[in-house]
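These are the residues of each chain, in order.
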Amino acid sequence: YDGKAGEIAVPCFLIRHPKGDLLWDAGLGDHYNYPKEGSDAAPGVHVTVPVTLIAQLQSLNLTPKSINFIAFSHLHWDHTGNANEFADSVWIMNKLELAAALTLPPPGGVLPETWSAYKTAKTETIDGDYDVFGDGRVVIKFTPSTRRPARRATSIYSSASVIGIRPLHATCIS
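Residues numbered from 1 in each chain as written. Predicted model: local features only at pLDDT ≥ 70, side-chain atom pairs only at ≥ 80, totals over all residues. Heavy atoms only, no water.

### Comments concerning the overall build of the chain
Thinking step 1. A tally of helices and strands in the chain yields three helices and eleven strands.
Thinking step 2. Across the 174 residues in the chain, those meeting the buried criterion constitute 44%.
Thinking step 3. Counting only contacts in the chain whose residues sit at least 6 apart along the sequence, the fraction spanning at least 24 positions is 61%. (Helix = DSSP H or I, 4+ residues; strand = E, 2+ residues; numbered from the N terminus. Buried < 20%, exposed > 50% of the residue type's maximum accessible area, 1.4 Å probe, protein only. Contact = heavy atoms within 4.5 Å.)

### Description of the nonpolar core
Thinking step 1. In this structure, I70, F72, W91, M93 and W115 are the most contacted members of the largest nonpolar core, which totals 22 residues.
Thinking step 2. Only strand 1 (6–17), helix 1 (53–59), strand 6 (90–94) and helix 3 (95–101) provide two or more residues apiece to this core.
Thinking step 3. Setting aside residues no more than four positions away along its own chain, W115 makes contact with L75, T80, A83, N84, W91, M93, L98, A101, L102 and V110.
Thinking step 4. Judged by nonpolar contacts, the second largest core, of 13 residues, contains L22, W24, F69 and Y130. (Core = buried A, V, L, I, M, F, W, Y, C linked by side-chain atoms within 4.5 Å.)

### Thoughts on unusual backbone geometry
Thinking step 1. Residues Y34 and P35 are joined by a peptide bond in cis, for which omega reads -5°.
Thinking step 2. Mapping P35 onto the fold places it in the loop between strand 2 (20–24) and strand 3 (39–42).
Thinking step 3. Omega for the peptide link from L104 to P105 comes to -10°, which places this bond in the cis form.
Thinking step 4. In this fold, P105 is placed in the loop between helix 3 and strand 7 (123–126).

### Focus: the side chain of S73
Thinking step 1. Here S73 lies in the loop between strand 5 (69–71) and helix 2 (77–80).
Thinking step 2. A polar side-chain atom of S73 sits 3.2 Å from a polar atom in the side chain of H79. (Polar contact = N/O pair within 3.5 Å; in protein donor to acceptor, adjacent residues only side chain to side chain.)

### Brief notes about the pairing of strand 3
Thinking step 1. Across three bridges, strand 3 lies against strand 4 (residues 45–48) in antiparallel orientation. Across the sheet, the residue bridging to A42 is V45, located in strand 4.
Thinking step 2. Adjacent in sequence and paired antiparallel, strand 3 and strand 4 are bridged by two residues, among which G44 carries a positive phi angle near 80°. (Pairing = 2+ DSSP bridges.)

### Comments concerning the pattern of salt bridges
Close approach of charged atoms lets side chains of opposite charge pair.
Thinking step 1. Taken as a whole and judged by the stated rule, the model has four salt bridges.
Thinking step 2. Two residues, D135 and R137, come together in a salt bridge whose shortest N-O distance is 3.8 Å.
Thinking step 3. Taking relative accessible area as the criterion, D135 reaches 33% and is therefore assigned partly exposed.
Thinking step 4. Given the relative accessible area of 22%, R137 is considered partly exposed. (Salt bridge = Lys/Arg side-chain N within 4 Å of Asp/Glu carboxyl O.)

### A look at the confidence of the model for the chain
Thinking step 1. In this model, the chain carries a mean pLDDT of 84, and residues with pLDDT of at least 70 account for 82%.
Thinking step 2. Across residues 166–174 the pLDDT falls below 50, and counting only partners more than four positions away or on other chains, this stretch makes 42 contacts in the model. (pLDDT = per-residue confidence, 0-100.)

### Focus: the packing of aromatic side chains
Thinking step 1. In the structure shown here, the tally under the stated rule is four aromatic pairs.
Thinking step 2. Consider the rings of W115 and Y118, whose centres lie 5.4 Å apart with planes at 40°: the pair is tilted.
Thinking step 3. Residue W115 is classed as buried on the basis of its relative accessible area, which comes to 0%. (Phe/Tyr/Trp six-rings, centres within 6.5 Å; stacked < 30°, edge-to-face > 60°.)

### Overview of the pairing of strand 1
Thinking step 1. The pairing of strand 1 with strand 2 spans five bridges and is classified as antiparallel. Within the sheet, the bridge partner assigned to F13 lies in strand 2 and is W24.
Thinking step 2. Connecting the antiparallel pair strand 1 and strand 2 is a turn made up of two residues.

### Section: the environment of Y130
Thinking step 1. Position of Y130 among the secondary structure elements: in strand 8 (residues 130–131).
Thinking step 2. Sequence spacing of Y130 and N94 is 36 residues, and the spatial spacing of their C-alpha atoms is 9.6 Å.
Thinking step 3. Not counting residues up to four positions away in its chain, the partners in contact with Y130 are I92, E124, V138, V139 and I140.

What follows is the structure, given as structure tokens:
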């Protein structure tokens, strides 16, 4: 933020549980994989996706249709870029975050077209903490902040298997 270029990772996580798989965040859109050197997503933001989310799932013998649930830390474009690929999953949506993201014009960083599949997907709208599988092993915690009142985070207990999907990179130039 001091005018110097830097890199940030944009991770998403596959959480494997005996009752199903949850994808936490959907990363940058796989369309940023071409060209290989990346592209400018916004003024001062250059993004690269060296290995797509779909390819990473395929390396685990999974497809988007294999994912039972999808949920988001928040609805910014760098967390929802591949969300529409998971239209057959159950979408766990925070009521406050969704309401804020649907205002017109959308808040900065929110691109509703990247997560529009929620309209036809099976959706669980949550308000507060949510135990995804009902056994306390994967809990979405409501963690509001003054900057983002609807912000959420996950608490993942060791009895669930978490696979970090390779970070998708964004280079911030300014």
